[in-house]
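# Descriptive structure summary
The lines below spell out each chain.
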Amino acid sequence: MSRIVAGRFDRSIDADATLAELQRAGFRSGEYESFYVPPPGQHGRLPIGGDAHSDAGSKKAGWGAVLGALVGAGIGLVMGTVVVRDFGLVGLLIGAGVGAYIGSFAGGIFSLRDAGRSEATPEHPVESAGSRMIAVNVDRKEMEPRAVDILRRHGARDLGRTQGEWRNGSWRDFDPRSPLGAA
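Structure report, in brief.

Here we take up the overall build of the protein chain. Helix and strand counts for the protein chain come out as four helices and seven strands. Ordered by position from N to C terminus, the α and β elements of the protein chain give β-α-β-α-α-β-α-β-β-β-β. Taking contacts inside the protein chain between residues at least 6 apart in sequence as the whole, the part at least 24 apart equals 77%.

What follows is the structure, encoded as structure tokens:
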């Protein structure tokens, strides 16, 4: 296993500057690489697509949908009483049904949110947005602090350390859902 330092970049110009500085700082061409990490849900980890069955930000969406359906059905019943004279009981039931449908949709949507890293679990991951990543193999003595400094100075976010398989100038066992350790 190799020691790896990695960070994500929102701007390609910053990533390109980092790569140039890594080369000037004595890193060999096979000791660093740059690659694109797609946004969450686009890694194709599940047989039917996607990466997880749900994420941490959607934990409460089911209860939000239930609550929205109840509120919507109540509003629909009230609205249905307006048309009950013209359509009878059917108008009342249609009003309640349409209200419940719209309410469940609104309740589910308004319950979704961005989750924090501390809320992440294997069942409900929290992933970073898609971005360009630079990974550096820091197995050579005294290269790790140099790599961290270069990545940090050029604005790397989610900067971290990990162990992984580095072969032929590439990080072979990279998993976009696994968070990096603090750098």
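Next up on the list: the pattern of salt bridges. Evaluation of the coordinates by the stated rule reveals twelve salt bridges. Between Arg11 and Asp14 there is a salt bridge, and its shortest N-O distance comes to 3.0 Å. A salt bridge links Asp149 to Arg153; the shortest N-O distance between them is 3.0 Å. Placement of the pair is Asp149 and Arg153 together in helix H4 (residues 144–153), with a separation of four residues, close to one helical turn. Taking relative accessible area as the criterion, Asp149 reaches 38% and is therefore assigned partly exposed.

With that out of the way, let us pick up the pairing of strand E1 (residues 2–9). Most of E1 sits inside the fold, with seven of its eight residues counted as buried. Across six bridges, the pairing between E1 and strand E4 (residues 157–164) is antiparallel. Pairing of Arg3 across the sheet is with Gln163, part of E4. As defined by bridge partners, E1 adjoins strand E3 (residues 131–137) across six bridges and the pair is classed as antiparallel. Following the sheet pairing, Val5 is matched in E3 by Val136.

A few words on the nonpolar core. Grouped together as the largest cluster of nonpolar side chains are 18 residues, with contacts concentrated most on Leu22, Phe27, Ile134, Val136 and Leu151. Only E1, helix H1 (12–24), E3 and H4 provide two or more residues apiece to this core. Ranked by residues supplied to this core, first place goes to H4 with four residues. Setting aside residues no more than four positions away along its own chain, Phe27 makes contact with Leu22, Tyr32, Val136, Asn137, Val138, Arg140, Met143, Arg146, Ala147 and Ile150. Judged by nonpolar contacts, the second largest core, of eight residues, contains Phe35, Met133, Ala135 and Trp166.

Another point: a nonpolar patch on the surface. Taken together, the side chains of Val90, Ile94, Val98, Tyr101 and Ile102 define a hydrophobic patch exposed on the protein surface, amounting to about 540 Å² of accessible area. With respect to the element layout, Val90 can be found in helix H3 (residues 89–111). A relative accessible area of 53% places Val90 in the exposed class.

Evaluation of the coordinates by the stated rule reveals two aromatic pairs. Both rings, one in Trp171 and one in Phe174, keep their centres 4.9 Å apart while their planes meet at 65 degrees; by these two values the pair is edge-to-face. A connected cluster of aromatic rings, assembled from ring pairs, spans Phe35, Trp171 and Phe174.

Glancing now at the packing of helix H2 (residues 61–87) against H3. For the pair H2 and H3, interaxial distance at closest approach is 5 Å and the crossing angle is 155 degrees. One way to sum up the angle between H2 and H3 is to call them roughly antiparallel. Handedness of the H2/H3 crossing: right-handed. Of the residues that constitute the contact of H2 with H3, the class distribution is 13 nonpolar, 14 polar and no charged.

Rules behind the numbers
Residues numbered from 1 in each chain as written. Predicted model: local features only at pLDDT ≥ 70, side-chain atom pairs only at ≥ 80, totals over all residues. Heavy atoms only, no water. Helix = DSSP H or I, 4+ residues; strand = E, 2+ residues; numbered from the N terminus. Contact = heavy atoms within 4.5 Å. Salt bridge = Lys/Arg side-chain N within 4 Å of Asp/Glu carboxyl O. Buried < 20%, exposed > 50% of the residue type's maximum accessible area, 1.4 Å probe, protein only. Pairing = 2+ DSSP bridges. Core = buried A, V, L, I, M, F, W, Y, C linked by side-chain atoms within 4.5 Å. Patch = residues over 30% accessible without salt bridge, like charges linked within 9 Å, V, L, I, M, F, W, Y side chains within 5 Å. Areas by Shrake-Rupley, 256 points an atom, 1.4 Å probe, with all protein chains shown as cover. Phe/Tyr/Trp six-rings, centres within 6.5 Å; stacked < 30°, edge-to-face > 60°. Axes fitted to C-alpha atoms, helices over the stretch in contact; angles between N-to-C directions. Parallel < 35°, antiparallel > 145°, perpendicular 65-115°, else oblique. Left-handed = near helix turned anticlockwise from the far one by under 90°. Nonpolar A, V, L, I, M, F, W, Y, C, P; charged D, E, K, R; others polar.

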